[in-house]
Amino acid sequence: MSLFGLGGTTPHERVTLVTDEKSGLRAIIAIHSTARGPAFGGCRYWSYGSDLAAMEDALRLSRGMSLKNAMADLPFGGGKAVIMRGDRQHERKAMYQAFGRAVQALAGSYITGEDVGTSVADMLSVREVTPYAAGIPRANGFGGNPSPKTALGVFAAIERGALHVFGARQLKGLRVAVQGLGAVGWALAERLDRAGCKLVVADIEATRTAAASRAFDATVVAVDDIAAQDVDILAPCALGATLDRHSIPALRARLVAGAANNQLATDADGDALHQRGIAYLPDYLVNAGGIISCVREYEGGFAESDVDAEVLRIADRVESLFVRARDTAEPLSRAADRWALEKLAGVS
């Protein structure tokens, strides 16, 4: 990583550091690309070990949004913001309004939304000072929290992936490990349970796993043990970089598809999964349902049924990815990267 971007990738167009002493705001807004339109991506509120760790996260997440928006054929580029959670107690409304003023100063080159640690209420605070915010409930009932749409897209991707990997036309009876039971992970677990899957779950919050045990008859395991469970499918739905040289050798799942961003610690980890015969569906392909929902809510004029239909087309892109990877004899992760970069460049 350098101050201008991640090693081995195109540099970011713009990175803005934001502070506001009164509210305690410390944030990074990273605009990776506006080649397809204004940068669109959520705002993460998280505790980081260092400023550099926050910067790396912002850079990785914003580049991922460029690939995600391109792959989903959305007319927007990629950007992301992170707000660093510190020891000081913040008045959230004032802090998010200060963040909104920073977004407004970018004059529409970046549009923000929800992400880990950020709520609909936070986005409403941002919206009070700038129009460049999504994830806002609308009068017709559409909009707001995009997590259910993210889960819908991940579920559709898992269905199509299971057809290719297991020849399964339905998910009933398949064993799925869900890593993380936040808003998206829980919504995905609900869908998998209704489909007849046998669930294994892990989360840092014991109340969530206890609830999953009651609601889904799920087996609860420790966070450090979830990746090595004897399951058919692993669905990473927590934070990123969980697939690395330590976890991959222990994987027993044959399909990996989940909602977490930046699941691979390095590009080489995608190769390692391929070498082990594990089908990995890249996060920016699988988890695009949330940004599709936010974009269509932001643009206006879309019914929820239209958005659902667009999110379900993620399954068709999963199908196309399997075909591309087969034709080029390369890992799914490499085929997806090449495809997304072609779309970003206007080639495909």
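Residues numbered from 1 in each chain as written. Predicted model: local features only at pLDDT ≥ 70, side-chain atom pairs only at ≥ 80, totals over all residues. Heavy atoms only, no water.

Regarding the pattern of salt bridges
Taken as a whole and assessed by the stated rule, the structure comprises 22 salt bridges. Ionic pairing is found between Arg160 and Asp316, a salt bridge with its closest N-O pair at 3.8 Å. Linking Arg160 in helix 4 (residues 147-166) with Asp316 in helix 11 (residues 314-328), this pair joins segments that are 156 residues apart in sequence. Arg160 gets classed as partly exposed once you look at its relative accessible area, which sits at 22%. In this structure, Glu319 and Arg160 form a salt bridge, with 3.4 Å as the shortest nitrogen-oxygen distance. (Salt bridge = Lys/Arg side-chain N within 4 Å of Asp/Glu carboxyl O. Helix = DSSP H or I, 4+ residues; strand = E, 2+ residues; numbered from the N terminus. Buried < 20%, exposed > 50% of the residue type's maximum accessible area, 1.4 Å probe, protein only.)

Focus on the pairing of strand 2 (residues 25-33)
Counting buried positions along strand 2 yields eight of nine residues, so the element is predominantly enclosed. Where strand 1 (residues 14-20) meets strand 2, seven bridges bridge the pair, whose relative direction is antiparallel. Residue pairing in the sheet places Val15 in a bridge with Ala30 of strand 2. Joining the antiparallel neighbours strand 1 and strand 2 is a turn of four residues, in which Gly24 adopts a positive phi near 85 degrees. (Pairing = 2+ DSSP bridges.)

Section: the sheet that holds strand 12 (residues 279-280)
Strand order in the open sheet made by the six strands is 9-8-7-10-11-12, with parallel pairing throughout. This sheet does not close on itself; its edge strands, each paired only once, are strand 9 (219-220) and strand 12. The strands touched by helix 6 (residues 206-216) are strand 8 (198-202) and strand 9; relative to strand 8, the strand with the most contacts, the crossing angle is about 170 degrees. (Contact = heavy atoms within 4.5 Å. Axes fitted to C-alpha atoms, helices over the stretch in contact; angles between N-to-C directions.)

Details of the side chain of Lys80
Among the secondary structure elements, Lys80 is positioned in strand 5 (residues 77-84). Lys80 gets classed as buried once you look at its relative accessible area, which sits at 3%. Within the structure, the side chain of Lys80 is placed 3.0 Å from the side chain of Asp115, a separation counted as a polar contact. In this structure Lys80 touches Ile28, Ile29, Ala30, Gly41, Gly42, Ala58, Leu61, Ser62, Met65, Tyr110, Asp115 and Asn261, once residues within four positions along its chain are discounted. (Polar contact = N/O pair within 3.5 Å; in protein donor to acceptor, adjacent residues only side chain to side chain.)

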